[in-house]
Amino acid sequence: MSSRALPVRPPQRLTVDPFVSIIGDIADKGWCVVDDFVSVKWAAGLREEQRQQSRGGAFRCAGVGRRDEYQLDAQTRGDRILWLDRGNALPAQQRYLTMLEELRQAVNRDLFLGLHTLEMHAANYPPGGFYRRHLDGFRNDNRRILTVILYLNPRWHASDGGALRLFLDAHPEGDFVDVPPESGRLVTFLSEGFHHEVRETRRLRSSITGWFSCRPLQ
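Residues numbered from 1 in each chain as written. Predicted model: local features only at pLDDT ≥ 70, side-chain atom pairs only at ≥ 80, totals over all residues. Heavy atoms only, no water.

A. Local environment of the overall build of the protein. Along the protein, the regular secondary structure elements total 3 helices and 14 strands. Across the 218 residues of the protein, 48% fall into the buried class. Counting contacts in the protein only where the partners sit at least 6 residues apart, residues at least 24 apart contribute 80% of the total. Of the roughly 11500 Å² of accessible surface on the protein, 52% is carried by carbon and sulfur atoms. (Helix = DSSP H or I, 4+ residues; strand = E, 2+ residues; numbered from the N terminus. Buried < 20%, exposed > 50% of the residue type's maximum accessible area, 1.4 Å probe, protein only. Contact = heavy atoms within 4.5 Å. Areas by Shrake-Rupley, 256 points an atom, 1.4 Å probe, with all protein chains shown as cover.)

Quick look at the structure:
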């Protein structure tokens, strides 16, 4: 087994179009990490909106499965979530939805993935929260194509835990990369291509996760 951890805060580097980086890496290896996908000010606004929604009681304990198979399972995941769409998103979230629509169009134009719809939720992991290893698809429903995760946690330290562990092959003892959830960092990967997990966090960990799906079969 081999592993590596990305830096919590990236070194300063030349500005590169994030869409170009995402499209290139998805085509090359199926996953991508882009830092500063949103500005510091924008990330702070998204974080504050999540705080407001959480204080207002909008978040609920997350479960696993879909429809008749849905259930709460504290042994598998320990986050609280709020599903977001144009109907309930606040201003900074609305702006982020617009940016993801631009990303969808760019990916379809260059990679022909047939991305059609977006599901998205905000997530808060309290200290001690985690999400065990899983894939983002559902049994008998493999329409999710591309996962996008934006992190909203400034001044994150390795000792805070909470890294996204992305397994680079399906073997239980295979290679993986650990991605700290530093504010403004976007992770994208092919939804059914990579098992992943959220390592136990030692402080509140906030993110927005989305899944682009293809059209349902007629």
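B. Highlighting the environment of L90. Along the polypeptide, L90 turns up in the loop between β6 (80-83) and α3 (91-111). By relative accessible area, which is 26% here, L90 ends up partly exposed. In this structure the C-alpha to C-alpha distance between L90 and Q52, which are 38 residues apart in sequence, comes to 9.9 Å. With residues near it in sequence (within four places) discarded, L90 still touches E49, Q52 and Q53.

C. Expanded view of the packing of aromatic side chains. All chains considered together, the criterion is met by 4 aromatic pairs. Ring plane angle 80° and centroid distance 6.4 Å describe the contact between F189 and F194, whose orientation is recorded as edge-to-face. When its relative accessible area of 0% is taken as the criterion, F189 is described as buried. One cation-aromatic arrangement involves R144 over W211; the distance from NZ or CZ to the ring centre is 4.0 Å. The aromatic ring of Y125 is capped on one face by R205, whose charged end is 5.1 Å from the ring centroid. (Phe/Tyr/Trp six-rings, centres within 6.5 Å; stacked < 30°, edge-to-face > 60°. Lys NZ or Arg CZ within 6 Å of the ring centre and 35° of its normal.)

D. Representation of the environment of D85 in the model. Looking at where D85 falls in the secondary structure, it is placed in the loop between β6 and α3. Considered as a pair, D85 and H121 are 36 residues apart in the sequence and their alpha carbons are 8.4 Å apart.

E. Broad picture of the pattern of salt bridges. Under the counting rule described, the total for this entry stands at 10 salt bridges. Residue E101 is joined to R104 by a salt bridge in which the shortest nitrogen-to-oxygen separation is 2.8 Å. Of this pair, E101 and R104 both sit in helix α3, 3 residues apart, which is roughly one turn of the helix. Across the salt bridge formed by D160 and R203, the nearest N and O atoms sit 3.2 Å from each other. Residue D160 is located in the loop between β9 (144-151) and β10 (164-167), and its partner R203 is located in the loop between β13 (196-198) and β14 (205-213); the two are separated by 43 residues in the primary sequence. In this structure R203 comes out as partly exposed when scored by relative accessible area, which is 24%. Residues participating in the shared-partner salt-bridge network are E48, R51 and R55. (Salt bridge = Lys/Arg side-chain N within 4 Å of Asp/Glu carboxyl O.)

F. Representation of the sheet that holds strand β12 (residues 186-190) within the structure. Here 7 strands make up an open sheet; going across it, the order is β2-β12-β9-β14-β7-β6-β3 and the pairing antiparallel. With one partner strand each, in any of the chains shown, β2 (31-34) and β3 (60-61) form the two edges of the open sheet. With 9 bridges connecting them, strand β7 (residues 117-125) and β14 associate as antiparallel partners. The residue bridging A122 from the neighbouring strand is I208, located in β14. Packed onto the sheet, α3 meets β7, β9, β12 and β14 and runs at close to 135° relative to β7. (Pairing = 2+ DSSP bridges. Axes fitted to C-alpha atoms, helices over the stretch in contact; angles between N-to-C directions.)

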